[in-house]
Amino acid sequence: MKIAKTNAMRMLDKAKVNYELREYPLKGLDAAVDVPTLLGITRSQLFKTLVTTDTAHNYFVFVIPSAEELDLKKAARVAGVKRIEMLPQRDLFKLTGYIHGGCSPVGMKKLFPTFMDAQLDRWEWVVMSAGKVGMLMQVDPRDIVRVVNATVADLVKAQP
């Protein structure tokens, strides 16, 4: 069966980036907890994409391990703004072209300043959204950093 390409896949193809698609069932799963087990990967190899905004309506993209929480103070500091907050979910599709649960840092309607958690450096490959709910891509994190011109920094809340 031929899979319809998402914007993320088209951009990676254009940039000549190798990736492997990984699919998971859509019903009854907690993506951050259940999907890594289904795919046979560690929880820290699965990354999620978060979109934020500041008080001046500038937008920023953060990519962090799926089981972690974005530290908004660290995020604002690395983005060079005073304060940021999560983009309301209702605004995600209009801004990025992706829906909640299928948001990829690659292939958004516009390339926003993108920041990726430093835990990426631990892995030869990571898994993140391919731009569609239930579809992930396994990819070399250095390729994603290059394609979206990301800054790598410590972005997650410290574990107690």
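About the cut-offs
- Residues numbered from 1 in each chain as written.
- Predicted model: local features only at pLDDT ≥ 70, side-chain atom pairs only at ≥ 80, totals over all residues.
- Heavy atoms only, no water.
- Pairing = 2+ DSSP bridges.
- Helix = DSSP H or I, 4+ residues; strand = E, 2+ residues; numbered from the N terminus.
- Axes fitted to C-alpha atoms, helices over the stretch in contact; angles between N-to-C directions.
- Buried < 20%, exposed > 50% of the residue type's maximum accessible area, 1.4 Å probe, protein only.
- Arc of directions from axis to C-beta.
- Contact = heavy atoms within 4.5 Å.
- Lys, Arg positive; Asp, Glu negative; His and termini not counted.
- Salt bridge = Lys/Arg side-chain N within 4 Å of Asp/Glu carboxyl O.
- Polar contact = N/O pair within 3.5 Å; in protein donor to acceptor, adjacent residues only side chain to side chain.

Peer 1: Outline the sheet that holds strand E2 (residues 47-54), supporting the account with residue identities and numerical values.
Peer 2: What the five strands build is an open sheet, ordered E4-E2-E3-E5-E8; its pairing is mixed. Both edges of this open sheet fall to strand E4 (84-86) and strand E8 (151-153), since each of them pairs with a single strand only. Taking each pair of neighbouring strands and ignoring which way they run, the sheet shows an average axis angle of 35 degrees. Inspection of the sheet shows E2 paired to E4 by three bridges, in the antiparallel sense. Each bridged residue has a counterpart across the sheet, and for Asp-54 the counterpart in E4 is Ile-84.

Peer 1: Explain helix H1 (residues 7-14) to me, and be specific about the residues and the numbers.
Peer 2: Every buried residue of H1 is accounted for by Ala-8, Met-9 and Leu-12. Summarising the axial view, the buried residues of H1 lie within an arc of 95 degrees, below the 170-degree limit, and thus occupy one face. In this structure, the buried side of H1 is in contact with strand E1 (19-23), strand E6 (126-132), strand E7 (135-139) and helix H5 (141-147). Once H1 ends, the next one or two residues include Lys-16, with phi positive near 60 degrees.

Peer 1: Before we move on, can you summarise the sheet that holds E6 with the specific residues and values?
Peer 2: Spatial strand order, E1-E7-E6: three strands in an open sheet with antiparallel pairing. In the strand order of this sheet, the two ends are held by E1 and E6, each with one partner. Ignoring strand direction, the axes of neighbouring strands in this sheet form an average angle of 35 degrees.

Peer 1: Residue-level account of the side chain of Asp-71, with values.
Peer 2: Relative to the assigned elements, Asp-71 resides in the loop between strand E3 (59-65) and helix H3 (72-79). Buried within the structure, Asp-71 lacks any salt-bridge partner; its nearest side chain of opposite charge belongs to Lys-74, at an N-O separation of 4.5 Å. A polar side-chain atom of Asp-71 sits 3.0 Å from the main-chain amide nitrogen of Lys-73. A distance of 3.1 Å separates the side chain of Asp-71 from the backbone nitrogen of Lys-74, its partner in a polar contact. Among residues more than four places away in sequence, those in contact with Asp-71 are Leu-155, Val-156 and Lys-157.

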